[in-house]
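Topology and contacts: notes
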Amino acid sequence: MAAGAAAGAWVLVLSLWGAVVGDQNITARIGKPLVLNCKGAPKKPPQQLEWKLNTGRTEAWKVLSPQGGPWDSVARVLPNGSLLLPAVGIQDEGTFRCQAMSRNGKETKSNYRVRVYQIPGKPEIVDPASELMAGVPNKVGTCVSNGGYPAGTLSWHLDGKTLIPDGKGVSVKEETKRHPETGLFTLRSELMVTPARGGAPHPTFSCSFSPGLPQRRALHTAPIQLRVWEPVPQEEVLLVVEPEGGAVAPGGTVTLTCEAPAKPPPQIHWIKDGLRTREPTVVWPPIPAMGPRRAMLSASASSKQARRGQLQVRGWIKSERSRRTSA
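The 4 strands lie next to each other as 10-12-16-15, forming an open sheet whose pairing is antiparallel. Both outer strands of the open sheet, strand 10 (124–126) and strand 15 (170–178), are each paired with one neighbouring strand and no more. The sheet shows a mean angle of 25 degrees between the axes of neighbouring strands, direction not considered. With 9 bridges connecting them, strand 12 (residues 138–148) and strand 16 (residues 185–193) associate as antiparallel partners. Note that in strand 16 the partner of Thr142 across the bridge is Glu190.

This next bit is on empty space enclosed by the protein. Counting across every chain of the model gives 1 cavity of 30 Å³ or more. Counted as a void, the largest cavity has a volume near 30 Å³. Around the largest cavity, the lining residues are Gln118, Ile119, Pro120, Gly148, Tyr149, Pro150, Phe209, Pro211 and Leu213.

Right, let's get into the nonpolar core. The tendency in soluble globular proteins is for nonpolar side chains to be buried side by side. If you look at the biggest cluster of nonpolar residues, it comprises 25 residues, and the most contacted ones within it are Leu36, Leu49, Trp51, Leu83, Phe96 and Val114. Looking at this core, the elements that each hand over two or more residues are strand 2 (24–29), strand 3 (34–36), strand 4 (48–55), strand 7 (83–85), strand 8 (94–101) and strand 9 (107–117). Discounting chain neighbours no more than four positions away, the residues touching Phe96 are Leu36, Trp51, Lys52, Leu53, Thr55, Leu83, Leu85, Ser110, Asn111, Tyr112 and Val114. Ala134, Val140, Leu187 and Leu226 belong to the second largest nonpolar core, which has 19 residues in total.

This paragraph deals with the packing of aromatic side chains. Scanning the model with the defined rule gives 2 aromatic pairs in all. Considering the side-chain rings of Trp51 and Tyr112, the 6.3 Å spacing of their centres and the 25 degrees angle between planes classify their relative orientation as stacked. Residue Trp51 is found in strand 4, and its partner Tyr112 is found in strand 9; the two are separated by 61 residues along the sequence. Grouping residues by exposure puts Trp51 and Tyr112 together as buried. Seen from their ring centres, Tyr149 and Phe185 are 6.0 Å apart, and the 20 degrees between their planes marks the pair as stacked. Taken together, the residues Tyr149 in the loop between strand 12 and strand 13 (153–158) and Phe185 in strand 16 connect sequence positions 36 residues apart. Both residues of the pair, Tyr149 and Phe185, count as buried. Seen from the ring of Trp61, Lys52 lies directly overhead, with NZ or CZ sitting 5.3 Å from the centre. Its end group placed over the ring of Trp229, Arg227 keeps NZ or CZ at 4.2 Å from the ring centre.

Rules and cut-offs
- In this convention, every chain numbers its residues from 1, walking through the sequence in written order.
- Confidence filtering applies because this is a predicted model: local features only for residues at pLDDT of at least 70, side-chain atom pairs given and counted only at 80 or more, and all residues used for totals across whole chains, interfaces and linings.
- The side-chain figures draw on all heavy atoms in the structure; neither hydrogens nor water molecules are used.
- A pair of strands is considered paired only if DSSP assigns at least 2 bridges between the two.
- In DSSP terms, a helix is any run of H or I states spanning at least four residues, a strand is any run of E spanning at least two, and both are numbered starting from the N terminus.
- Each axis is a line fitted through C-alpha atoms, and for a helix only the stretch in contact is used; angles between axes span 0 to 180 degrees, taken between their N-to-C directions.
- Two kinds of site are reported from a 1 Å grid over the protein atoms alone, namely cavities, where a 1.4 Å probe fits but cannot get out, and pockets, open sets with protein on both sides within 12 Å along at least five of seven lines, and residues are called lining when an atom falls within 4 Å of a point.
- Grid points are joined across faces, edges and corners, and a volume is the space filled by probe spheres set on the points.
- Here, the term nonpolar core denotes a set of buried Ala, Val, Leu, Ile, Met, Phe, Trp, Tyr and Cys residues that are joined through side-chain atoms within 4.5 Å.
- Relative accessibility thresholds used throughout: buried, under 20% of the residue-type maximum; exposed, over 50%; partly exposed, between the two (1.4 Å probe, protein chains only).
- Every residue pair with non-hydrogen atoms within 4.5 Å of one another is taken to be in contact.
- Any two of the Phe, Tyr and Trp rings considered here, Trp counted by its six-membered ring, make a pair once their centres fall within 6.5 Å; the pair's planes then place it as stacked at under 30 degrees, edge-to-face at over 60, or tilted in between.
- Placement of a charge over a ring requires the Lys NZ or Arg CZ to be within 6 Å of the ring centre, with the centre-to-atom vector within 35 degrees of the ring normal.

Printed below as a string of structure tokens:
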């Protein structure tokens, strides 16, 4: 590797106490000590050297005194001429320069560009789905990464391959927040998919966090495997609405009954405005005080698990007819 290329490479600093570095870019972990060497400076006094820095803590170039001062808790010059940052932080990102004169009168300059990082905990998938319905949008879950710097990125994977959002069968809703005190980032990524009919019956999803730094591996969530249900053709599914038309006064109740012919007993999924519902309610839709409103509802059942007759929808909506039958 050419000397110029080597000097421009990012160096990952895990522990730099006593290390000698110069004319390069430095990446240091937040909260750890960082030592920058002043090249060409005599190792013992008397020394002719000057350290100056331009970081998030300064408005312009700040010159540090070798004799110490108010900045000692942030950065101080060591007896050998090196610069010590006892606990590097986000505000220490910036440029550090040292100009030194050797005993034979040779002048040497050292330049550093410092970046910091913090690796977050392992990401996790919260509120995961238990199953998916083919042909309609489904929420798989939300991937969350807490406490990283810089922000980094989240990616979703299907059966080990990266999912690329296309706005059709795959969509991702992302959110990035930064803590006002620590400056660390929290990332959230919500995945929606529309499984193809006749596709894989048991897809496996996972999520990974990639830090915005070189030489760092991605962190992966535990995978989740979901079951995909194939809906019955709509012409075979009957939706009964009571009262007829679904028009009721404010505060009224609409009872929905799904009927589908098939054996063995069914799994029923309710879909409202194109999305599967998860609310455990027997009142549908809620009627606001300002007046009635309409909601588009449909029901689908597994082609292998549906039957003719009155059905209870996963304990969410029970029809009046089934209650009368059981009585």
